[in-house]
Amino acid sequence: MSGGGVFPTILASTVHDIKNSLGTLLGLIQQLTLSQSADQVDNIRQLEFEANRINHSLMQLLVMYRIDSQKFSLVIDEYPALDLINEAVSQQDGLLQLNRTVVKVECGEDLMCYCDYQQVANALGNIVNNAQRYARNALCISVEKLDGYLKFCIEDDGVGYPEHLLNANLSDPSDLDWVNGNTGLGLYFVAAIAGLHKNRDKSGFVRIDNHSRLGGARFCLFLP
Amino acid sequence: MKPILAGKSILIVEDYPAMRKAIRDMLYILEADTIVEADNGVNAINAMTKTSFDIVLCDYNLGNGKNGQQVLEEARYRKLIGQHCIFIIVAAEQTASMVLGAMDSKPDEYLTKPFNAQQLFARIERNLRRKQFLQGIEKEIERGNLFQAIQDCEQLLAANDQKMRTHLLKKRAELATLVGDFETGRQVYQQILQERDLPWARLGLGIIEYQQGNFDTAIAIFEALLQDNPLFLEGYDWLSKTYETQDKLQDMQQVLNQAVDLSPQSILRQKKLAETADKNGNLAIAEKAYKAAVTLGKHSVHKSCGDFTNLAKLYAKTNDSEHALKVLKEMRHEYLNNPEAELRATTLEVELHKKAGNEQLADDCLKKMLTLSQQLGNEVPKDLQLDIARSCFLQNQPERAEEILNGLIKTHIDDDGFLNDIRRMQSGIGLENHSEALIQSTKRELVAINNKGVTLYKQGRYGEAMALFEKAMSVMPDNKTIIINMLKITLHDLKNADHDQQKLLRAQKLFKKARQVGIDKQKLGILQMEFSNLLRKNKLEAKA
C-alpha cells in the first residue's frame, strides 16, 4: 500500500473509534441530564454541545475529504421536509435549551423533499447550531416550494452576517477567511452538499442575507 | 413523544458494551419494554430464530465475524424477520461501499452515530408509519393475491396522501410489471419521471422492455441510466442480466467487473463475475473473484463449497495441482463431514490424480465418488452432476457419464444457459458436439408433447392433456414449460368447476413447484393474478 493509500484507512478507523466514544459520551450526558439537579443542567448541556460540535466537525472533515478524492456520493430518497427539520433541531436540542432559544417551525406536513437525508439533516443542523449562537432568543425555520426548488430558510434575531461573509462566494473556498475564526467553513460545507443535489438541469445552492423577518441573519438552502 | 415502542420487541446488535448500554437507555426513554441484546452477528441470528422482532438496531461494524449487512442478508434469506420488522443499520458513517454492498438486502434505515433519543424516535416513527401504510398490500403480495394487492394500491392512491404517494406509485408500477400489465407500468413510471429524474423509475422502464423481449432497447435504457448514475448498482445487475440473456458473455463480464469494483463486498456479484470470467477463459479475473467469494463466504449465508471447488478447478485447468489440492484441503477443513463438499473434492481429485499420472489413486477416487453420489441421490446439484459426468468420461466410464448427462438434458432442456454448460464441459474434454443429437431430439420431443397437449386443451380434452403432461413430468420433473402448461390447464379447469377443493390444492402445489424451479416472476405473476381472480370470484359466489 502506498502512503496515500494508508491515510484514508487510518482516517476512517479513527473516525469510527471517535464516533463510538462520542456515542457513549452523549448517551451518558443524556442520562445525567435526567438525573442531575437544576443547577448542574447548564454545565451538562454545555458538555453535550461540545460533543456535538466535535461530531459535526468530524463529519465535515470526512465528507470534505471524500468529496475531494471523489469518493463521495449522495444516497437520495424522498422524505418529509418536516422530518429533516426535526432531525436538525433534535441534534441541537440540548443547546437550544441551554440558550433558551425559541424555535418556530413553519412547514407543511405534506411537503416532500428528495435528498440525502443524513447529509441534509446534518447541514441544516450545522446552520441551526450556528444561528442559535448568534441569535438573541428566537429562530424561525421555514420550508416552501419555489420555482421547482424546495427552499429551507433559517432566520434569527441576532446581529446578522458580517459584511465579508455576505460578499463571499460560498462555494469558493479561497473566498473564505480560513485563518481568522468565523470562517464560514460550515457554510462552505452546506453549499457543497447542496450543489451535489441535482434534478435535470437544476442544482441545489445556498444564499445568505440579513433580511430575516426576526431582524437578524437569514440562511436559505435551495434543493431541486 | 408518543409511546410508539410499548409492546414492541426490539433487538440491539452491538459489540461495544458501552454503546449497547447507551442505546438501551435511549430505548427506555422511549418507553420500550422488550429489549434483547446481542454482541455479535451469530448471536443476533440466534436471537432472531427465537423471537420475531419488530425492530432490529444493528451496528454495521461488529468486529470479527459477520458485519451488520451480513446479519441482515442472512435474516432476510432465512426469513427470520417478517415484513413488519424495521431493520436499522447503525454505523459511524454512511460510506458508499457500505450502502452499495447491499443487493436484495437493503435495510429500512441507516442511522449514523452518534444519535440521540429524539433522532431515534423520528426514524422509528417514520418507518412504522410507512410499514403500517403498506402492510395490507404486502400481505396480499405474500399470499399471491396480486389482484387484491393492485386494488388496495389503487384505493390508497385515490386517498392522495402526499407522504406516501411515491412509495405507492412505485409499488403500483412494480405490481403492473409483475402481472404483465406493461402499459400501466410504463405509464406510471413515465408519470413519475415527468416530475423528477429518479433512477428506479428509469430502471423500471428498462425492466419492462426486458420483459417484453426488447433487449436492445433495455440495454440502451440501462446504459444511459448508468451514465447518469454510475453508483446505481441495480442498473449493473439488470444490464448484465440482459447481456446474459443474449449470451453476450464478454459484455456481461465487463459490466459485472464494474459493479464489483464499486461494491467488492457483495458475494453474489463476485460469484457471478467469477463464473462468467471462467466461461470466457479470463482466468486471472476468475481467480480473483472466486478467491473473494471464498473469503466473503466465511461469514455469509451465501457461503458455498462450490466456490472452493470452482477455484480449485481453475488451478486444475492451468495444471497447478499444488494450488488445487491446497484449496481442497482448506475446503475440507471449512466443511467437516459435509457429504456434498466431500463429493465435490473427490470428483475433482479424480482429474488431479490422473493428470499426475497416479492411475490407481484416480480410480480409487472415482469409486469413492460414485458411492458418495449414490448416497446423496437427488440432492446432488446440477453443476456437480456435470462434474461427476466429466470425471466418469476422463476415467473411461462413458456409460455412467451418459446416464447422468441424459438425465440432466431431459430435466433441464429449457435451460439454455445450462445446456451451454454441458456443451462447454464436453468441448473441454475433446467431446465436441457429443450430446447435440440428444439435446435436439429432446427439444423436439418437448415441442411435440407441448403441441399435442395444447391441441388437446383447445379441443376441451383437459383430462387427456393433463395426463399427457403428467406423464412428461415424470421424465422431465423440473421442466418449466410443462409446469406452466399444467398450471394453465388447472386454472382453466377451475374456471369451469366450482369450488373444487382438490383442483384448488393442485393449483397451489403447482405454483409452489413453479417457484421452486425458478420460473420467471413475471410469467408466474400473470397466472397468479388469474388465480387470485378465480379465488375472489369463488368467494363471492360462495357468499351469494
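What you are looking at is a predicted structure, and each value in this text was computed from that prediction instead of being measured.

Here we take up the domain arrangement of chain B. All names here are of chain B. If you check the domain split of chain B, you get domain 1 (1-132), domain 2 (145-247), domain 3 (256-440) and domain 4 (442-543). Contacts between the two partners involve 10 residues from domain 3, matched on the other side by 12 residues from domain 4. Both faces combined, the contact of domain 3 with domain 4 buries some 990 Å², and carbon together with sulfur accounts for 52% of it. Counting the surface domain 3 buries against domain 4, the share from its top three residues, K410, D414 and Q440, is 54%. Remark: the boundary between domain 3 and domain 4 carries one salt bridge. Here K443 ties to D416 by a salt bridge, and the two come within 3.2 Å at their closest N and O atoms. Our enumeration of links across domain 3 and domain 4 arrives at nine residue pairs in polar contact (both at pLDDT 80 or more). Sorting the residues of the side of domain 3 that touches domain 4 by element identifies α20 (398-411), α21 (416-428) and α22 (436-458) as the ones contributing at least two each. Among the residues forming the side of domain 3 that touches domain 4, the class breakdown is five nonpolar, two polar and three charged.

Attention now moves to the sheet that holds strand β5 (residues 109-112) of chain B. Residue and element names in this part refer to chain B. Taken in spatial order, the five strands line up as β2-β1-β3-β4-β5 in an open sheet, and their pairing is parallel. The outermost strands of the open sheet, each flanked by one partner alone, are β2 (34-38) and β5. For this sheet the average axis-to-axis angle between neighbouring strands, irrespective of direction, equals 20°. Pairing geometry for strand β1 (residues 9-13) and strand β3 (residues 55-59), over four bridges, is parallel. In the strand pairing of β3, I10 is matched with I55. Against the sheet, helix α3 (residues 68-77) makes contact with β3, β4 (86-91) and β5, and its axis sits at roughly 165° relative to β4, the strand it touches most. Running at roughly 175° to β5, helix α5 (residues 117-143) makes contact with β3, β4 and β5 of the sheet.

Each partner contributes to the interface: chain A provides 34 residues, whereas chain B provides 35 residues. Carbon and sulfur atoms make up 49% of the area that chain A and chain B hide from each other, which totals about 3,400 Å². Taken together, chain A and chain B are joined by four salt bridges. Across the salt bridge formed by R123 of chain B and E87 of chain A, the nearest N and O atoms sit 3.3 Å from each other. Remark: the boundary between chain A and chain B carries 13 residue pairs in polar contact (both at pLDDT 80 or more). Listed by contribution, the elements that provide at least two residues to the side of chain A that touches chain B are α1 (3-35), α2 (38-68), β1 (76-80), α3 (81-91), β3 (112-116) and α5 (117-134) of chain A. Of the residues belonging to the side of chain A that touches chain B, the class tally is 12 nonpolar, 13 polar and nine charged.

All right, on to α20 of chain B then. All names here are of chain B. Over its 14 residues, α20 extends 20 Å from the first C-alpha to the last, a length consistent with the 20 Å expected when each residue adds 1.5 Å. For α20, the full list of buried residues reads A401, I404, L405, L408, I409 and T411. Projected down its long axis, α20 carries its buried residues within an arc of 165°, all on one side. Exposed residues on α20 whose side chains face more than 90 degrees from its buried face are E399 and E403. As for α20, its buried residues are in contact with α19 (382-394), α21 and α22.

Another point: the side chain of R66 of chain A. Mapping R66 of chain A onto the fold places it in helix α2. A residue is classified by how much of its surface remains accessible, and R66 of chain A, at 16% relative accessible area, is buried. Beyond its immediate chain neighbours, meaning those up to four positions away, R66 of chain A contacts K71 and F72 of chain A together with E93 and T95 of chain B.

Scoring rules and cut-offs
- Residues numbered from 1 in each chain as written.
- Chains lettered and ligands numbered in written order.
- Predicted model: local features only at pLDDT ≥ 70, side-chain atom pairs only at ≥ 80, totals over all residues.
- Heavy atoms only, no water.
- Domains from an automatic or database assignment.
- Contact = heavy atoms within 4.5 Å.
- Buried area = accessible area lost by both parts, 1.4 Å probe.
- Salt bridge = Lys/Arg side-chain N within 4 Å of Asp/Glu carboxyl O.
- Polar contact = N/O pair within 3.5 Å; in protein donor to acceptor, adjacent residues only side chain to side chain.
- Helix = DSSP H or I, 4+ residues; strand = E, 2+ residues; numbered from the N terminus.
- Nonpolar A, V, L, I, M, F, W, Y, C, P; charged D, E, K, R; others polar.
- Pairing = 2+ DSSP bridges.
- Axes fitted to C-alpha atoms, helices over the stretch in contact; angles between N-to-C directions.
- Expected span 1.5 Å × (residues − 1).
- Buried < 20%, exposed > 50% of the residue type's maximum accessible area, 1.4 Å probe, protein only.
- Arc of directions from axis to C-beta.

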